[in-house]
Amino acid sequence: MVQDLASAGFALPIGLGQQADGIYIDLTMSQAALTAAITHVFQSGRYLAGLNYAALIKALYGVGPDTGSAEALRLADSVRVFDGNRLRFYKHPKMSLSYAEYYFEQLYLDEETLPDGTVIPERPVALDIDEFIADMWNKGIQFGIDVAAVQAAMASTRPERITFATDLAPEPGQDATVIEVSQDLHRSDAPKARPDGRIDLQSFQNRFPQIKAEARLLKKLPPVPGLPGFDLAGRKTEPPPPKDLTLRFLAGEGTEARMFEDGEYLVSTREGFLSVDAKSNRISITDKIVSLEGVSGRTTGNLQLAGAYEEYGDVQEQREVTGSDITVHGNVYGNITSRGGTVVLDQNLVSGSVHNAAGDIRIAGVASNAVICAADGAINIQRAENCVISAQRVTVAEASNCEIIADEVRIEMAEGCAVAGRNVEMESAGPRRRTEMIIYVLVKDVASFDQEIAALGARIAAFEQANQASEAEAERLAALPDVRRYLALSAKLRTQELMLTPEQGQILRKIAGAVAEEMTALQKARHELQVGQTQHKLLQDRLARVIEQKIEAAGIARCGLHLVSGETMVRTMPFAGDTAALLQLAPKDLKQRLRGTPSGGEVLFADSAGSLDWHLTAHPRPAQS
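Residues numbered from 1 in each chain as written. Predicted model: local features only at pLDDT ≥ 70, side-chain atom pairs only at ≥ 80, totals over all residues. Heavy atoms only, no water.

Caption draft 1: Here's a closer look at the overall build of the protein. Helix and strand counts for the protein come out as 12 helices and 40 strands. Counting only residues that meet the buried cut, the protein has 40% of its 625 residues in that class. (Helix = DSSP H or I, 4+ residues; strand = E, 2+ residues; numbered from the N terminus. Buried < 20%, exposed > 50% of the residue type's maximum accessible area, 1.4 Å probe, protein only.)

Caption draft 2: Summary view of the sheet that holds strand 4 (residues 72-76). Reading across the sheet, the 3 strands line up as 1-2-4 and stay open at both edges, with antiparallel pairing between neighbours. Of all strands in the sheet, those bounded by a partner on one side alone are strand 1 (16-19) and strand 4. Recorded for the sheet is a direction-independent mean angle of 40 degrees between the axes of neighbouring strands. Bridge count for strand 1 against strand 2 (residues 22-26) is 4 bridges, and the pairing is antiparallel. Paired with Gln-18 across the bridge in strand 2 is Ile-23. In the packing of helix 2 (residues 31-43) onto the sheet, the strands contacted are strand 1, strand 2 and strand 4, and the crossing angle to strand 1 comes to about 65 degrees. Here helix 3 (residues 53-61) sits on the sheet and contacts strand 2 and strand 4; the angle it forms with strand 4, its principal contact strand, is near 135 degrees. (Pairing = 2+ DSSP bridges. Axes fitted to C-alpha atoms, helices over the stretch in contact; angles between N-to-C directions. Contact = heavy atoms within 4.5 Å.)

Caption draft 3: Inspection of helix 6 (residues 147-155) at higher detail. Taken together, the buried positions of helix 6 are occupied by Val-150, Ala-153 and Met-154. All buried residues of helix 6 project into a common sector of 100 degrees when viewed along the axis, lining one side. Looking at helix 6, the residues exposed on the side facing more than 90 degrees away from the buried face are Ala-148, Ala-152 and Ala-155. If you follow the buried residues of helix 6, they end up packed against strand 7 (99-104), helix 5 (129-138) and strand 12 (160-166). (Arc of directions from axis to C-beta.)

Caption draft 4: Fine view of the sheet that holds strand 16 (residues 210-211). The strand order 16-22-23 describes an open sheet built from 3 strands, whose pairing is antiparallel. Each edge of the sheet is formed by a strand with only one pairing partner; in this case those strands are strand 16 and strand 23 (283-286). Two strands pair when backbone bridges link them, and strand 16 and strand 22 (residues 272-276) are joined in this way by 2 bridges, in the antiparallel orientation. Across the sheet, the residue bridging to Ile-211 is Gly-272, located in strand 22.

Caption draft 5: Representation of the packing of helix 5 against helix 6. Viewed as axis vectors pointing N to C, helix 5 and helix 6 meet at an angle of 120 degrees, and their least axial separation amounts to 10 Å. As far as their axial angle goes, helix 6 and helix 5 are oblique. Crossing angle aside, the handedness with which helix 5 passes helix 6 is right-handed. Seen from helix 5, the contacting residues are Ile-129, Phe-132 and Ile-133; seen from helix 6, they are Val-147, Val-150, Gln-151 and Met-154. (Parallel < 35°, antiparallel > 145°, perpendicular 65-115°, else oblique. Left-handed = near helix turned anticlockwise from the far one by under 90°.)

Caption draft 6: Molecular detail of the packing of aromatic side chains. The tally for this structure, following the rule as stated, stands at 13 aromatic pairs. Between Phe-42 and Trp-137, the aromatic rings sit 5.6 Å apart at their centres with planes inclined by 65 degrees, giving edge-to-face as the arrangement. You can see Phe-42 sitting in helix 2 and its partner Trp-137 sitting in helix 5, a full 95 residues away along the chain. Trp-137 matches Phe-42 in its accessibility class, with the two residues each being buried. Seen from their ring centres, Tyr-47 and Phe-82 are 5.7 Å apart, and the 70 degrees between their planes marks the pair as edge-to-face. Within this pair, whereas Tyr-47 is found in strand 3 (residues 46-49), its partner Phe-82 is found in the loop between strand 5 (78-81) and helix 4 (84-87), the two being separated by 35 residues in sequence. One aromatic cluster is present, built from ring pairs that chain together Tyr-47, Phe-82, Tyr-90, Tyr-102, Phe-104, Phe-132 and Phe-164. The ring of Phe-260 has Arg-216 sitting right over it, with the charged end atom 3.9 Å from the ring centre. (Phe/Tyr/Trp six-rings, centres within 6.5 Å; stacked < 30°, edge-to-face > 60°. Lys NZ or Arg CZ within 6 Å of the ring centre and 35° of its normal.)

Caption draft 7: Seen up close, unusual backbone geometry. Look at Glu-214: it is not a glycine, yet its phi comes out positive at around 65 degrees. Position of Glu-214 relative to the elements: it lies in the loop between strand 16 and strand 17 (216-221). Since its relative accessible area comes to 46%, Glu-214 is described here as partly exposed. One non-glycine residue, Asn-401, lies in the positive phi region at around 55 degrees.

Now the structure itself:
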């Protein structure tokens, strides 16, 4: 007979409680205390009838569905005595490292003869899942029983060995990671919309996104611990600890890690462009965009950039790159426009153009069939062929069939070029096939100064002539005998070398009356001479000032030609104002100006051999006296 808890006189251990509808387990107690209570029940020769095995595992090990805030969980219908005669029906399982096997077969009760002679034949035995769990617990399997598989094997009449219990492997946690929290980190390769609403198919909408200052870029997700596992004996197996990361190790120039109420973020400290170091994974916000893909219709489209740009690929034909402080390590076949800074091309410029509004241009390779302009800077090229070049200063190692204009030009070897500059220096120059070699020395037009200098010279010469006439007339009058005697007596009287008596004074007055007319003319001639000399001096001072102004206005104009190897012409090219207007000429107009028929100026050199060292002389010829 089956004995229940009341008939057995068994007191439930602490952690288990009897209620009207069954046995409950106290979830507020520790796992060790509850395990001890269950062990006490099973080892006392009893088992839990109607056991909810899933509830038992949840109560003891925390594995299973969430029970909410309940403090007690219904565990079984009742506690019953384990019949010792049935205990022999449960064999020992076959234990392995992480699982247990059991051989299920049909068992039978032996034939039995009752005292009244009645014979009860051999009959099958039905195993009970609750008894099985209690017996396995006492044999060391306190976790991981597959109740459904065991019940199915018990119900089957076919012998079968099954794996009825397995360990629960620990569940790994989640390593710390970062997630993007800014949409500005993503490129947009959609066609760019123009202000008028049309679509620019040559440009991408946002190929190199710009990051604002104080923008949250990345958020750190802290590590999440894993869930423990359990072996068949109910011993806990801890999962490996998740890996953490230090967000500040990802902070490069222009970024820093900051803690906020909702977590730790990587924040930009300034406005600029995103740069990620492939080796260290550091994120920086820099003033320069660095690209490795080149500029083409497939990769970037035309670029309109707010900051500096560094490109390691090629700039393809018809591509436009606009920015400042641009560096290209590949070849350039398209067009580069810079608002300032320095444009550096490490390779070649072929059939493209480079313009820099306020800075220098440096080309390390060959420039061919290109337009190169630095309106307010210097250009330095290793080799140029069929190019139009304009700048404040131009330096070229080898130039062939080029049109070049600048305030200062330095060329080591020029062939078939048309060059214009205020200060031109060439080591070697000559024609190239049928293309002539011509050099223009830019000379500022100072005709207005020349006109004033000529007018002053004429006036100075007129005063010199008038002064000479006045001086000659004064000398003639002073040489007359009576005038000479009167002047001598007057001089002695002024120096008191001679003292006159009253009679002698009467004689002197008579002499003075006799030469009065001549003395009046003499005084007039001397006065005119004094006035003329004063005017002559003032005009000479004015002439000197005008000459200085002309020299300052004309500035430097020189040409140094060390070696001529073929027909070469050097001539001056007058210009008004300053050279800015010449430097800003369109390439077509500049070619026409330098290759067209010259107008004005003078020929300084025209020969097939020799050299030239010419300097502008701003002084006019001295006026002839």
